[in-house]
Amino acid sequence: MSRFVVLVHYHELGLKGRNRPSFERQLIKNITVALKAVEPASEIRRTSGRILVYPSSYKQGRAALAVLVKLPGVARVSLGEQVARSLDAINPAALRALERSEPFASFKVAARRANTDFELDSMTLNRELGSYLVEHTEGKTVRMKEPDVTVHLEIIKNLAYVYAVSERAIGGLPVGTAGRLICLLSSGLDSPVAAWQMIRRGAEVVGLHFSGAPETPDSSSYLVRRIADALEPFGGLFALYVVHFGGYQRQIALAVPEKLRIIFYRRLMFAVASALALRIGAKGLVTGESLGQVASQTLDNIVAVDAVATLPVLRPLIGTDKQEIIQRAEQLGTFEISAQGTEDCCTLFMPRNPETHARLGEVEALWQELPHAQWVEEILGVLLP
Ligand code: ATP
Ligand code: MG
């Protein structure tokens, strides 16, 4: 009997031996949740080294594939049929796979035997199946190099899979296998990409946004919520917290030299993020900084801000170029949201000439004069009532 099947491949090599069962369990859980919207009725199963999803129709299989190629931990997704292990069943299934690939001009067959107990070896299978397909189609040519369509045949223990649709997926590790992080998430271009890079490495990422409210309209938090929605199909944020930061910025602006304002805003953000992390079990912070990109992202300034953090600060974009970040943001669909640019807390009370080489000693001395611990408590009281 033939049934439609979606084959979910993951990078086995990336999975450490002992952890593998838990990675697979988590991936199946994530697949189940991700497919709920598409087709709650799909049956999901694990076999050796891959996960199988049985959709109720080819169309549903297509919809499932579109969801699964975006899911962290999935390396490749194929869609086709599962049939009995005989040429009588394989041949017509391969023909159906070809027909579903119209329009095309050339094709080839790529057969693989996972079990050598099948009577035909892969060379023979390629030949037999190839000539059947040539005989049953018209005007199609077999081409070994870069054909329009490749019909894959995989022979396993007691079944065969036949498919002509196979798409590369996003890769990475299943969300929920790497612990929790807090990402300082602005409505800008960089931090959404940074958040997603850690999501793709399997982390549960909690977004923490600082809006300029009540000193500015709260439009940046609206954009950040849209960014969170855009990330949802790609693994998603675990949660999102928004801090009304404008009032604190006003107090900082009054208390420290103009040049140092940004450093102090950032310090308070890191202090809040560190305290929140302790309360919600996060083990590190994430920012979207890229070395030297703007005045605040020099090494001296990173040193002056980092000293406040009580947890490791991960900067997945530190060595990337703007162009690479833009490409990724376009793929994630966050680019057009960030491009709308709006006032967030960082455009508020901005210095005309920001410090590019802050001295840690001077910054620490000024920091001691601020009621920062009290501010952090106050902000946490609002975030975690
Ligand atoms: P982005 O494109 O992520 O906004 P940026 O190029 O504007 O970054 P900065 O303004 O120096 O650079 O911000 C550096 C990092 O500080 C950001 O990537 C983000 O992690 C954090 N950050 C900045 N502003 C905010 C904010 N309003 N809320 C939360 N985090 C912020
Ligand atoms: Mg920004």
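Preceding this paragraph is the structure being described.
Residues numbered from 1 in each chain as written. Chains lettered and ligands numbered in written order. Predicted model: local features only at pLDDT ≥ 70, side-chain atom pairs only at ≥ 80, totals over all residues. Heavy atoms only, no water.

J.: How do you make sense of the side chain of E24 when you look at a structure like this?
T.: Structurally, E24 can be placed in helix α1 (residues 20-35). Beyond its immediate stretch of four places on either side in the chain, E24 contacts Y10 and R46. (Helix = DSSP H or I, 4+ residues; strand = E, 2+ residues; numbered from the N terminus. Contact = heavy atoms within 4.5 Å.)

J.: Looking at this structure, I do not really get the site of ligand 1. What am I missing?
T.: Around ligand 1, 22 residues are found, and the nearest of them are L184, S186, D190, S191 and Q297. Backbone polar atom of L184 to an oxygen atom of ligand 1: 2.6 Å apart, as the coordinates give it. Between an oxygen atom of ligand 1 and a main-chain N or O atom of L189, the distance comes to 3.1 Å. Here ligand 1 loses 90% of its free accessible area of 570 Å² to cover by the protein chains. Secondary structure elements with two or more residues in the shell around ligand 1: α5 (190-200), β10 (204-211) and α8 (261-280). For the shell around ligand 1, the element with the most residues is β10, which contributes three residues. Taken together, the residues of the shell around ligand 1 sort by class into nine nonpolar, nine polar and four charged. (Near = heavy atom within 4 Å. Polar contact = N/O pair within 3.5 Å; in protein donor to acceptor, adjacent residues only side chain to side chain. Areas by Shrake-Rupley, 256 points an atom, 1.4 Å probe, with all protein chains shown as cover. Nonpolar A, V, L, I, M, F, W, Y, C, P; charged D, E, K, R; others polar.)

J.: Even after reading the chapter, I still don't get the sheet that holds strand β2 (residues 43-47), so can you show me in this structure?
T.: Sheet strands pair by backbone hydrogen bonding; their relative direction is either parallel or antiparallel. If you trace the eight strands from one edge of the open sheet to the other, you get β2-β3-β1-β4-β8-β7-β5-β6, paired in mixed fashion. Each having just a single partner strand, β2 and β6 (141-142) make up the two edges of the open sheet. Alignment of strand β1 (residues 3-9) against strand β3 (residues 50-54), held across four bridges, turns out to be antiparallel. For L7, the partnering residue across the bridge sits in β3 and is L52. On top of the sheet, α1 reaches β1, β2, β3 and β4 (74-83); it is set at about 160 degrees to β2, its chief contact. Of the strands in this sheet, β1, β3, β4 and β8 (160-171) are in contact with helix α2 (residues 58-68), which crosses β4 at around 165 degrees. (Pairing = 2+ DSSP bridges. Axes fitted to C-alpha atoms, helices over the stretch in contact; angles between N-to-C directions.)

J.: Sorry if this is basic, but what is going on with α5 here?
T.: Quick reminder: α-helices carry 3.6 residues per turn. Residues three or four places apart thus point the same way. Taking burial as the measure, the 11 residues of α5 include 10 buried ones, the bulk of the element. Residues of α5 that are buried: D190, S191, P192, V193, A194, A195, W196, Q197, M198 and I199. Just beyond α5, the residue with positive phi is G202, at close to 95 degrees. (Buried < 20%, exposed > 50% of the residue type's maximum accessible area, 1.4 Å probe, protein only.)

J.: What is the right way to read a nonpolar patch on the surface from this model?
T.: On the surface, a nonpolar cluster with roughly 270 Å² of combined accessible area is contributed by V134, V142 and M144. Position of V134 relative to the elements: it lies in helix α4 (residues 122-136). (Patch = residues over 30% accessible without salt bridge, like charges linked within 9 Å, V, L, I, M, F, W, Y side chains within 5 Å. Salt bridge = Lys/Arg side-chain N within 4 Å of Asp/Glu carboxyl O.)

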